[in-house]
Amino acid sequence: MEFIILNKERRFFFKAIKNATKNGQFFTAVFTKKDGTDRKISGRRGVGMYAKGVGLSYNPDEKNNLIVAESSLLRKNNRRKIVGLPPVRPYRTIKVDNLKSITIKGRTYKFE
């Protein structure tokens with residue numbers, strides 16, 4: 001099922017995205033990176049693994065940012081742990097203002 005959301009509604013949709021993904025729900029997002037290229041990421045929120053315990057120096061909610069643990073890097077860290085290598089930081093920041101689409105629980109939301 002696919003839904004289209006207008007740009008002006010994107011900030012209002014931010015809370016809905018956070019609520020739908022808060023319990024470790026996997027999702028896929030397509031967004032534009034800072035350098036202008038598009039990126040597709042699969043991940044989940046609410047992961048505490050590989051965190052240093054320091055926290056962020058800003059509040060991501062105020063800037064409409066989603067902090068995501070990228071699932072491919074979480075798997076990679078499990079393999080690195082077995083071999084004895086240090087972990088890779090799996091956390092990525094997605095700016096909701098740059099989202100093109102997000103798929104949660106089989107539903108795709110496209111932003112235009």
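Structure first, text after, so check above.
What you see is a predicted model, and the numbers here were worked out from it, not measured in a lab.

### Points about the nonpolar core
1) Next: Ranked by internal contacts, the top residues of the largest apolar core, which has 16 residues, are Ile-17, Ala-29, Leu-66, Ile-94, Leu-99 and Ile-102.
2) Next: Of all the elements in the fold, those that place two or more residues in this core are helix H1 (10-21), strand E2 (26-32), strand E4 (65-70), strand E6 (99-104) and strand E7 (107-111).
3) Next: Ignoring any residue separated from it by four or fewer positions in sequence, one finds Ala-29 in contact with Arg-39, Lys-40, Ile-41, Ile-94, Leu-99, Ser-101 and Ile-102.

### Some thoughts on the pattern of salt bridges
1) Next: Summed over all chains, the structure comprises 3 salt bridges.
2) Next: Of the charged contacts in the structure, one is a salt bridge between Arg-92 and Glu-70, with a shortest N-O distance of 3.5 Å. In this pair, Arg-92 is assigned in strand E5 (residues 91-95) and Glu-70 in strand E4, connecting sequence segments 22 residues apart.
3) Next: Take Arg-92: its relative accessible area is 30%, and that puts it in the partly exposed class.
4) Next: What you see here is one network of salt bridges that share partners, running through Arg-39, Glu-70 and Arg-92.

### A look at the environment of Lys-63
1) Next: Along the chain, the position of Lys-63 falls in the loop between strand E3 (38-44) and E4.
2) Next: Between the alpha carbons of Lys-63 and Val-96 there is a distance of 8.8 Å; along the sequence they are 33 residues apart.

Scoring rules and cut-offs
Within each chain, residues carry numbers counting from 1 in the order of the written sequence. Restriction of local features to residues with pLDDT of at least 70 applies here, the model being predicted, together with a cutoff of 80 or more for giving and counting side-chain atom pairs; totals for whole chains, interfaces and linings are based on all residues. The basis for the side-chain values is all heavy atoms of the structure; hydrogens and waters are excluded. We call a set of buried Ala, Val, Leu, Ile, Met, Phe, Trp, Tyr and Cys residues a nonpolar core when their side-chain atoms join them within 4.5 Å. Only protein chains enter the accessibility calculation, which uses a 1.4 Å probe; a residue is then buried when its area is under 20% of its type maximum, exposed when over 50%, and partly exposed in between. Numbered from the N terminus, helices here are DSSP runs of H or I no shorter than four residues, and strands are runs of E no shorter than two. We call two residues in contact when some of their heavy atoms are within 4.5 Å. Whenever a carboxyl oxygen of Asp or Glu lies within 4 Å of a side-chain nitrogen of Lys or Arg, that contact is scored as a salt bridge.

It is worth stressing that arrangement in space is one thing and function is another; only the former is reported here.
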